[in-house]
Amino acid sequence: MGKRIDGNAISASVKAEVANEVEALRNKGISVTLAVILVGEDPASQIYVRNKKRACEALGIISEEHLLPADTTQEQLLSLVEELNLRPEINGILCQLPLPKHLDEKAVINAISPQKDVDAFHPQNVGGIMIGDGVFLPCTPAGVMKMLEYEGISVAGKHCVVIGRSNIVGKPMAMLLLHQNGTVTICHSKTQNLKEICRTADILVAAVGKAKFVTADMVGPGAVVIDVGMNRPAGGKLCGDVDFEAVEPIASAITPVPGGVGPMTIAMLMRNTLTAAKLQNGLSV
Ligand code: NAP
């Protein structure tokens, strides 16, 4: 039976470190502030924003919410981003995605100052991730790397298979694994022989967005299985991309959903916000 990797416990330890550092900064007269923008009333986005606000409050980070109506124009949104870019007391800016269809997400991401881009979505930060010297690491993949490190699971020389190639999870996940000397295969919807490739993985990361997509016959004995998926089937409860009950007996370690990668994402966002505050105050990170 695979070991359940406890994302709640690992994220609590990351958050405790961040809280200590936030307090140390406060004692020097430096506050840490995250501005969160939410446009519209998407229920899932509202939950994410509320959870981020709670995490900030628990760690002593000031959270400034900007809740904008669904009919906000591109100009209004960009002017808010510009105002937040210019305010020195704002350390991090996060615009909750997805945005309503009439808004241009790419333009908004590009407008956020790279120094305040705590999601690490700005092309300058994406480039930093690519060449291995990113100031901010993307929260979900960084959370996965932290879980592996915490569990003492080394990546070097391992065959790491990532299912999914999105800009926010799959691609940066593959890069972070590569920087740790993993031998990385990225799979996607056009991949042939997906099952066979996945079976050869020492570390299998699922970021597909399809409930129970990874079945037992896709996992080799002793593989480490990381489930990034967060799916809420109609009327059902939150579940991941992995058929947990079937895969747990085969894996050497596995992340559950909920209580796996999800809490890590918020913890890494808090860490990035702290990093932003330190850099903006001329401190080393
Ligand atoms: P996404 O943008 O929809 O990307 C999904 C990826 O899965 C795509 O690259 C797609 O391939 C691939 N895919 C779809 N069907 C496939 C198939 N049959 N075989 C192989 N690959 C297939 O999703 P995302 O934003 O990366 O998110 C993925 C999941 O992670 C979602 O459940 C999301 O809710 C969750 N998530 C969780 C967290 C967290 O904090 N835990 C954070 C972010 C996302 P193509 O590129 O070929 O279309």
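Structure shown above.
As the structure is a prediction and not an experimental result, all values here were calculated from the model.

(A) Quick look at the overall build of the protein. Check the secondary structure of the protein and you find ten helices and nine strands. Compactness check: the protein gives a C-alpha radius of gyration of 19 Å against a globular reference of 19 Å for 285 residues, within 12% of the reference. Judged by the C-alpha coordinates and their principal axes, the protein covers about 50 × 40 × 35 Å. Taken across its 285 residues, the protein has 48% of its residues classed as buried. For the protein, the accessible surface area stands at approximately 13,300 Å², while carbon and sulfur atoms represent 54% of it. Between the mean site of the 26 positive side-chain charges and the mean site of the 29 negative ones, the protein shows a separation of 4 Å.

(B) Summary view of the site of the ligand. Taken together, 22 residues lie near the ligand, and Arg 165, Ser 166, Ser 189, Met 230 and Thr 265 sit nearest. Here an oxygen atom of the ligand and a side-chain polar atom of Arg 165 are 2.7 Å apart. For the ligand, a nitrogen atom lies 3.0 Å from a polar atom in the side chain of Lys 210. Within the complex, 73% of the 930 Å² of free accessible area of the ligand lies under protein.

(C) Broad picture of the sheet that holds strand β9 (residues 253-254). Reading across the sheet, the six strands line up as β1-β9-β8-β7-β5-β6 and stay open at both edges, with parallel pairing between neighbours. Looking at which strands have only one partner, the edges of the open sheet turn out to be β1 (3-4) and β6 (183-187).

(D) Spotlight on unusual backbone geometry. The amide bond that connects Leu 97 to the next residue, Pro 98, takes the cis arrangement and shows omega of 0°. Positionally, Pro 98 belongs in the loop between β4 (92-95) and α4 (105-111). Even without being a glycine, Ala 120 presents a positive backbone phi close to 60°. Mapped onto the secondary structure, Ala 120 falls in the loop between α4 and α5 (123-130). Non-glycine residue Asn 193 carries a positive phi angle of around 55°. Its place among the elements puts Asn 193 in the loop between β6 and α8 (194-199).

(E) Structural detail: the packing of helix α1 (residues 7-27) against helix α10 (residues 261-280). For the pair α1 and α10, interaxial distance at closest approach is 9 Å and the crossing angle is 20°. Our classification of the angle between α1 and α10 gives roughly parallel. For the pair α1 and α10, the sense of crossing is left-handed. Contacts from Gly 7, Asn 8, Ile 10, Ser 11, Val 14, Lys 15, Glu 17, Val 18, Glu 21, Val 22 and Leu 25 in α1 reach Pro 263, Met 264, Ala 267, Met 268, Met 270, Arg 271, Leu 274 and Lys 278 in α10. For the contact of α1 with α10, a count of residues per class yields eleven nonpolar, three polar and five charged.

(F) Focus on the packing of helix α6 (residues 139-150) against helix α7 (residues 170-179). Two elements in contact, α6 and α7, have axes separated by 9 Å at closest approach and are oriented at 35°. Classified by chirality, the crossing of α7 by α6 is right-handed. Contact residues: α6 offers Pro 141, Ala 142, Val 144, Met 145 and Leu 148, while α7 offers Pro 172, Met 173, Leu 176 and Leu 177.

(G) A look at the pattern of salt bridges. Per the counting criterion, the structure on display carries eleven salt bridges. As a salt-bridge pair, Lys 278 and Glu 21 come within 2.5 Å of each other at their nearest N and O atoms. Highlighted residues: Lys 278 in helix α10 and Glu 21 in helix α1, separated in sequence by 257 residues. With relative accessibility at 14%, the residue Lys 278 sits in the buried group. One salt-bridge network, in which partners are shared between bridges, spans Glu 17, Glu 21, Arg 271 and Lys 278.

(H) The sheet that holds strand β3 (residues 62-68), seen in detail. Pairing in this open sheet of three strands is parallel, and the strands run β3-β2-β4 from one edge to the other. Both outer strands of the open sheet, β3 and β4, are each paired with one neighbouring strand and no more. The mean inter-strand angle of the sheet, taken between neighbouring strand axes irrespective of direction, is 15°. By the bridge criterion, seven bridges tie strand β2 (residues 33-39) to β3 in an arrangement that is parallel. By the bridge assignment for β3, Leu 38 is matched with Leu 67. Along the sheet, helix α3 (residues 74-86) contacts β2, β3 and β4; its crossing angle with β2, the most-contacted strand, is approximately 180°.

(I) Layout of the nonpolar core. Of all hydrophobic cores here, the largest spans 53 residues; its most connected members are Leu 34, Ile 61, Leu 148, Leu 177, Ile 226 and Met 270. Per-element tally for this core: the top contributor is α10, with ten residues. If you look at the next biggest cluster of nonpolar residues, it comprises 18 residues, including Val 161, Cys 187, Leu 194 and Val 214.

(J) Focus on the pairing of β2. Extensive coverage of β2 is indicated by the burial of seven of its seven residues. With burial as the criterion, each face of β2 is covered, one bearing Thr 33, Ala 35, Ile 37 and Val 39 and the other bearing Leu 34, Val 36 and Leu 38. At this point the chain moves from β2, through helix α2 (residues 43-59), to the parallel β3, and the crossover so formed is right-handed. Where β2 lies against β4, four bridges are found, and the strand directions are parallel. Directly across from Ala 35, in β4, lies its bridge partner Ile 93.

What counts and how
Residues numbered from 1 in each chain as written. Predicted model: local features only at pLDDT ≥ 70, side-chain atom pairs only at ≥ 80, totals over all residues. Heavy atoms only, no water. Helix = DSSP H or I, 4+ residues; strand = E, 2+ residues; numbered from the N terminus. Rg over C-alpha atoms; globule rule 2.2 N^0.38 Å. Buried < 20%, exposed > 50% of the residue type's maximum accessible area, 1.4 Å probe, protein only. Areas by Shrake-Rupley, 256 points an atom, 1.4 Å probe, with all protein chains shown as cover. Lys, Arg positive; Asp, Glu negative; His and termini not counted. Charge placed at Lys NZ, Arg CZ, Asp CG, Glu CD. Near = heavy atom within 4 Å. Polar contact = N/O pair within 3.5 Å; in protein donor to acceptor, adjacent residues only side chain to side chain. Pairing = 2+ DSSP bridges. Axes fitted to C-alpha atoms, helices over the stretch in contact; angles between N-to-C directions. Parallel < 35°, antiparallel > 145°, perpendicular 65-115°, else oblique. Left-handed = near helix turned anticlockwise from the far one by under 90°. Contact = heavy atoms within 4.5 Å. Nonpolar A, V, L, I, M, F, W, Y, C, P; charged D, E, K, R; others polar. Salt bridge = Lys/Arg side-chain N within 4 Å of Asp/Glu carboxyl O. Core = buried A, V, L, I, M, F, W, Y, C linked by side-chain atoms within 4.5 Å. Right-handed = clockwise from strand over helix to strand, strands pointing away.

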